[in-house]
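# Notes for the structure review
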Amino acid sequence: MTSTRSDEQLLAAWRAGERRAGEQLFERYYEPVARFFFNKTDAGAELIQQTFLACVEGAAKFRGEGSFRSFVFAIAYRQLCRHYRDRKGDRLDFTEVSVAALDPSPSQAMVEGEELKLLLAGLRRIPVDCQVALELLYWEQLTTAEMAAVLEIPEGTVKSRLRRGRALLREAIEALARSPDLATSTLLGIDTWAGALRARAGLAAGPRKE
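Reading the values: rules and limits
Residues numbered from 1 in each chain as written. Predicted model: local features only at pLDDT ≥ 70, side-chain atom pairs only at ≥ 80, totals over all residues. Heavy atoms only, no water. Helix = DSSP H or I, 4+ residues; strand = E, 2+ residues; numbered from the N terminus. Buried < 20%, exposed > 50% of the residue type's maximum accessible area, 1.4 Å probe, protein only. Contact = heavy atoms within 4.5 Å. Areas by Shrake-Rupley, 256 points an atom, 1.4 Å probe, with all protein chains shown as cover. Arc of directions from axis to C-beta.

## Thoughts on the overall build of the chain
Within the chain, the secondary structure is distributed over eleven helices and zero strands. The 210 residues of the chain split such that 51% are buried. Sequence-distant contacts, at least 24 apart, represent 65% of the contacts inside the chain between residues at least 6 apart. Only carbon and sulfur atoms are counted for the fraction: they give 51% of the accessible area of the chain, which is about 10,600 Å².

As C-alpha cells, then:
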C-alpha cells in the first residue's frame, strides 16, 4: 500500500523508531534510483544496494536543507562516480567523458520504440555530468535547485550544464539516427519518451519544472 505521507513525515517517523516508515521511503525511491543507473552502467543492482545502504548510514545527517529526493540522488550520483573511478582511475573528468566511453553495454532490457532507444543512445554519448543533469530533469522532474544539491554546484552552473547537454544531445542524436525524420521526432518528443520510461517503471508522468 502506497503511503500518503510526505518524504519529510516518513523520515521523521523513521527517526522516531517507526521501521515501516523507513521501508516506505525506500519503496518510494527504489524505481527512481534504479532508473538513475539504468542507462549508465551494467552494475546497477550493486549500485542500487550501495545507494540505499549509504542512505541508511547517512539519514541521521540529513537536516532538511533540501528535498529528501535530492539527498537520495546525490548519494546515487556519488556512488556512480566512485564506481567508475574505481574501475577507470581517479583522474576521470565527468564533464568530458561519456558513459559510452566508460561502459559500452549497460542494460536496456525491455525498451521499446526507436525514438526511446535513440534518445538513450544519444544520452550515453554526451559527458556523464550532462547526461545526469538531463536525465534528472526529464526522468525525475527535479528542479534546478534540487539538481544543484545533487551535483553540488551552483544553480547557474546547472542551467549552463543543461544548455550544453541539450546541444550535445541534439548533435549525438542527429549523428546516430538512421534518418533526419527519426532524429527530429526523437528530439521533439523527449517529454513523451521520458514519460514512456517512467510509465515502464510504473510511475505516472507528471509536469516538469525547471
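Past the structure itself, the notes keep going.
## Quick look at helix α10 (residues 180-188)
Within the span of α10, buried status applies to Leu-182, Ala-183, Thr-186 and Leu-187. Taken around the axis of α10, the buried residues stretch over an arc of 125°, which confines them to a single face. In α10, the exposed positions that point more than 90 degrees away from the buried face belong to Pro-180, Asp-181 and Leu-188.

## Section: unusual backbone geometry
Although it is not a glycine, Gln-141 adopts a positive phi angle of roughly 55°. Mapped onto the secondary structure, Gln-141 falls in the loop between α7 (128-138) and α8 (144-151). Positive phi values are uncommon outside glycine, yet Glu-152 reaches one of about 55°. Inspection of the secondary structure assignment puts Glu-152 in the loop between α8 and α9 (155-176).

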